[in-house]
Amino acid sequence: MAFYDGLIETLGLTDWCGEADAGGGGPLTMAELLARANGGGADGEDPATPLMDTPFPSLDTLHQSCEAIPRTRDVTEMVEQGFLGIKDGLRLVLDPLTEPLGWLLDASLSGFEATPWFIMIPLLMALTWFAARSVSVLALVTFSFLFMAMINHYDEAIQTLSIIFVCTIFCVVLGVPIGIAMSKSNTLQRISIPILDMLQTLPTFVYLIPLIFLFSVTESKLYGIAIILYAIVPVIRLTDLGIRLVDKDVIEAADAFGMSNWQKLTGVQIPLALPNIMAGINQTIMMSLAMVVIASLVSAPGLGRLVLRGINNLELGVGLVAGFCIVLLAVLLDRATKAALGRINSSEQ
Amino acid sequence: MTDQNNIKVSIRNLFKIFGTDPAAALTHVRAGLGKPELLEQHGHVLGLQNINVDMQAGEITVIMGLSGSGKSTLIRHLNRLIEPTAGEIIVNGEDVLAYDATKLDALRQNTMSMVFQKFALFPHRTVLENAGMARRVRGESGKAADKEGQKWLERVGLAGYEEHYPNQLSGGMQQRVGIARALASDSEIMLMDEAFSALDPLIRTDMQDLLLELQRELHKTIVFITHDLDEALKLADHLVILKDGAIVQQGEPQEILLQPNDPYIMDFIADINRARVLRVRSVMEVTTDPGTNIAGDVDANSNLERVIAMSEGDTNLNYRVMENGQQVGLLHMRDLVRALVPVEASDPARRMAS
Ligand SMILES: Nc1ncnc2c1ncn2[C@@H]1O[C@H](COP(=O)(O)OP(=O)(O)O)[C@@H](O)[C@H]1O
Ligand SMILES: [Mg+2]
């Protein structure tokens, strides 16, 4: 009846498979529906399949010959059920752990929004000057914000900035210690690297799926977690690398003069790894920005929401202008952090 | 020379084997397996074998050997930057290997300081902060550390460079900071691993002179590593010659020059200018007999080159050897000339063999 019937019989699996009655109970597979739509009922007489049309022995195909083999949709169903099964337990652990993130995101958002523009913009300028000490970067920041304010995108830009601000703090606070621990233990490094690779290579949409099930879409920590998971990778990697790259001779000198591990870490390793750590933070900020735009899908406020509106409603202008503001934000964040990094590097030479 | 009461550091039956199972490899080594065989048959590197050295307080002990002979490995055992496979290390009468982490830190902070071949200064700290580093590590106030750092920077000739960063200085100046850093810790023992090997020859001579000058004043116990025989002979009170992780000869440098006990050492000393290195006291006849036919007085510590110049090459002369205004011996020019010929050439048996 189905292509692999013969094979099942030859292997003597007929009994284990049970009655092969494809098309009987249970929902139909897409292939069966198509077959039915094409006129040939699943129960109808199959003409002998030519060799060139040999179907791949996929789960669905095999299921036609053998009931006991699950269909692909059963497997996805199982994955879903499995996830839903551990969901409550996971929530119980993750909820309290991630609660502070939600608070901080909300607090920062309302704080940034409550600050009037005539305080906020000078504040940002002061911060830029403090970090970068560069007139051109300062000018870039000033004009960008004035421009965005002029075209009524100031609020969204500030929302986006506020989210990046909080997420970057979390990435640094969590990522630097993880990176340090990785640099101290080869085993931990071997375990962590595949996880970091996975976090970095997974398409960003894939993150969102389990998170949506774990937390409700209205919770700000949902996008907070998505952003942090994605953006924390570079700061971890470069902290690990930076500490491992510290000159062995200098470490030996620190040991020879009887420095404790803590003195060595804070007095030698972190300061000497700082350029690398800062480079990691720069990348983390850029990745947060990329993710905060995508996270507008799960209710993250800010410029991303305008882009999404542009896509959903085919409002080309709205999307493009918001997109331009995102580019502006990216450029100024990059320039400001790079200038700060350059200052650290040159002070160390 | 060896004064049992004055031994600062003592290394006893020290073995170091690098590899996955050093204990097992050690039994092979004790059974007589050499370095190449151990590497070939068991995949372990024999770092040090059966090292016994006594280092006198206030002296410079020089450990010399070719690259890879185990010098750095040996010196790092003294402050346990490397743990031995077997043996004892006794500092001030205490077994350092029995120390726990706290006592070891105290030893490194207070008793021993180290100077490195590649300087190993902290690049993110100023010269002054580097110089006072040992004091800061001990928990002394920044002010005290700076005061001490300043003092030693001045002593090594770096006044005015306090606020520079190490990589703004030349190699020689960086190593002066390295020495100031070690001295500022006020430790009794200084470990110097090829401290001058990375420097240009002229700077190196300057630094050797600086070290000797400081040593005349400070009387530290210095362990100095070098692969350069001239440097070793210039600095050493006690010379230890290392080959493939084992000591081939140790003793007073002049003694080793005059009586090398190993072809390895003979090769080593074959090319040096013996007239400049050997001293009158090493070749004189020890006597207070006034002697006859005396051409003049020479100092016991002057080198043979000076005497040759004085004698204008006349081998029939005799000199009275003086030390602190007293006669300590007689120098016969004939003995002097004989001492100028390396043992290898003067020994007929060896000449036949080679
Ligand atoms: N960590 C190590 N693992 C394996 N072999 C080592 C290690 N450290 C040193 N060695 C070996 O020990 C020997 C002595 O090295 P070293 O003490 O650095 O020599 P030196 O300082 O005299 O040039 C060399 O053969 C070197 O290859
Ligand atoms: Mg070495």
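Residues numbered from 1 in each chain as written. Chains lettered and ligands numbered in written order. Predicted model: local features only at pLDDT ≥ 70, side-chain atom pairs only at ≥ 80, totals over all residues. Heavy atoms only, no water.

Per an unreviewed UniProt entry, chain B carries the name Trimethylamine N-oxide transport system ATP-binding protein TmoW and comes from Pontivivens marinum. In the Catalytic activity (unreviewed entry) part of its UniProt record, chain B is described as follows: "a quaternary ammonium(out) + ATP + H2O = a quaternary ammonium(in) + ADP + phosphate + H(+)". Per its UniProt entry, chain B bears the Sequence similarities (unreviewed entry) comment "Belongs to the ABC transporter superfamily." (UniProt positions renumbered as here; feature names shortened; annotations may be inferred.)

The name recorded for chain A in an unreviewed UniProt entry is Glycine betaine/proline transport system permease protein, from Pontivivens marinum. Per UniProt, chain A carries the Sequence similarities (unreviewed entry) text "Belongs to the binding-protein-dependent transport system permease family." Its UniProt record gives chain A the following Subcellular location (unreviewed entry) comment, quoted word for word: "Cell membrane".

1. Here we look at unusual backbone geometry
All names here are of chain B. Phi is positive for Asn 50, close to 45 degrees, though the residue is something other than glycine. In this structure, Asn 50 sits in strand S2 (residues 45-56). Relative accessible area serves as the criterion here: at 42%, Asn 50 is assigned to the partly exposed category. The phi torsion at Glu 194 lies on the positive side, around 45 degrees, for a residue other than glycine. (Helix = DSSP H or I, 4+ residues; strand = E, 2+ residues; numbered from the N terminus. Buried < 20%, exposed > 50% of the residue type's maximum accessible area, 1.4 Å probe, protein only.)

2. Structural notes on the domain arrangement of chain A
One frequent convention defines the size of an interface as the accessible area lost when the parts assemble. On domain assignment, one finds that chain A holds domain 1 (5-70) and domain 2 (79-348). The straight-line distance from the C-alpha centre of domain 1 of chain A to that of domain 2 of chain A is 51 Å. (Domains from an automatic or database assignment.)

3. Structural notes on the sheet that holds strand S4 (residues 86-91) of chain B
Residues and elements named next belong to chain B. Ordered by their spatial adjacency, four strands build an open sheet running S2-S1-S4-S5, and the pairing between neighbours is antiparallel. On the outer flanks of this sheet lie S2 and strand S5 (94-95), each paired with one strand and no other. Two elements, strand S1 (residues 7-18) and S4, share five bridges in a ladder whose sense is antiparallel. Considered in S4, the bridge of Ser 10 is made with Ile 90. Sitting on the sheet, helix H1 (residues 22-30) is in contact with S1, S2 and S4, with an inclination near 105 degrees to S1. Where helix H3 (residues 71-78) meets the sheet, its contacts fall on S1, S2 and S4, and the angle it forms with S1 comes to roughly 125 degrees. (Pairing = 2+ DSSP bridges. Contact = heavy atoms within 4.5 Å. Axes fitted to C-alpha atoms, helices over the stretch in contact; angles between N-to-C directions.)

4. Re the site of ligand 1
All names here are of chain B. Close to ligand 1 lie Phe 18, Lys 35, Val 45, Leu 66, Ser 67, Gly 68, Ser 69, Gly 70, Lys 71, Ser 72 and Thr 73, which account for all nearby residues. Lys 35 is positioned with one of its side-chain polar atoms (N or O) 3.2 Å from an oxygen atom of ligand 1. A distance of 3.1 Å is found between an oxygen atom of ligand 1 and a backbone nitrogen or oxygen belonging to Gly 70. Looking at the shell around ligand 1, the element that brings in the most residues is H3, giving three residues. Its residues assigned to classes, the shell around ligand 1 comprises three nonpolar, six polar and two charged. (Near = heavy atom within 4 Å. Polar contact = N/O pair within 3.5 Å; in protein donor to acceptor, adjacent residues only side chain to side chain. Nonpolar A, V, L, I, M, F, W, Y, C, P; charged D, E, K, R; others polar.)

5. Quick look at the domain arrangement of chain B
The domain boundaries assigned to chain B delineate domain 1 (54-251) and domain 2 (276-340). With centres defined by C-alpha atoms, the gap from domain 1 of chain B to domain 2 of chain B works out at 36 Å.

6. Section: helix H4 (residues 101-111) of chain B
In an α-helix, one turn spans 3.6 residues, which is why side chains three or four residues apart end up on the same side. Considered for burial, the residues of H4 of chain B that qualify are Leu 104, Leu 107, Arg 108, Gln 109 and Thr 111 of chain B. Looking at the buried side of H4 of chain B, the elements it contacts are helix H12 (248-256) of chain A together with H3, S4, strand S6 (112-115), helix H6 (133-137) and strand S7 (189-193) of chain B.

7. Here we look at the pairing of S6 of chain B
Residues and elements named next belong to chain B. Neither face of S6 is open: one carries Met 112 and Met 114, the other Ser 113 and Val 115, and all of them are buried. For S6 and S7, the ladder comprises four bridges, and the chain directions are parallel. Note on S7: the bridge partner recorded for Val 115 is Met 192.

8. Notes on the side chain of Thr 221 of chain B
Residue and element names in this part refer to chain B. For Thr 221, the location among the structural elements is in strand S8 (residues 221-226). In this structure Thr 221 comes out as buried when scored by relative accessible area, which is 2%. What Thr 221 contacts, discounting residues up to four positions off in sequence, is Lys 8, Gln 56, Ala 57, Gly 58, Glu 59, Glu 188, Ile 189 and Met 190.

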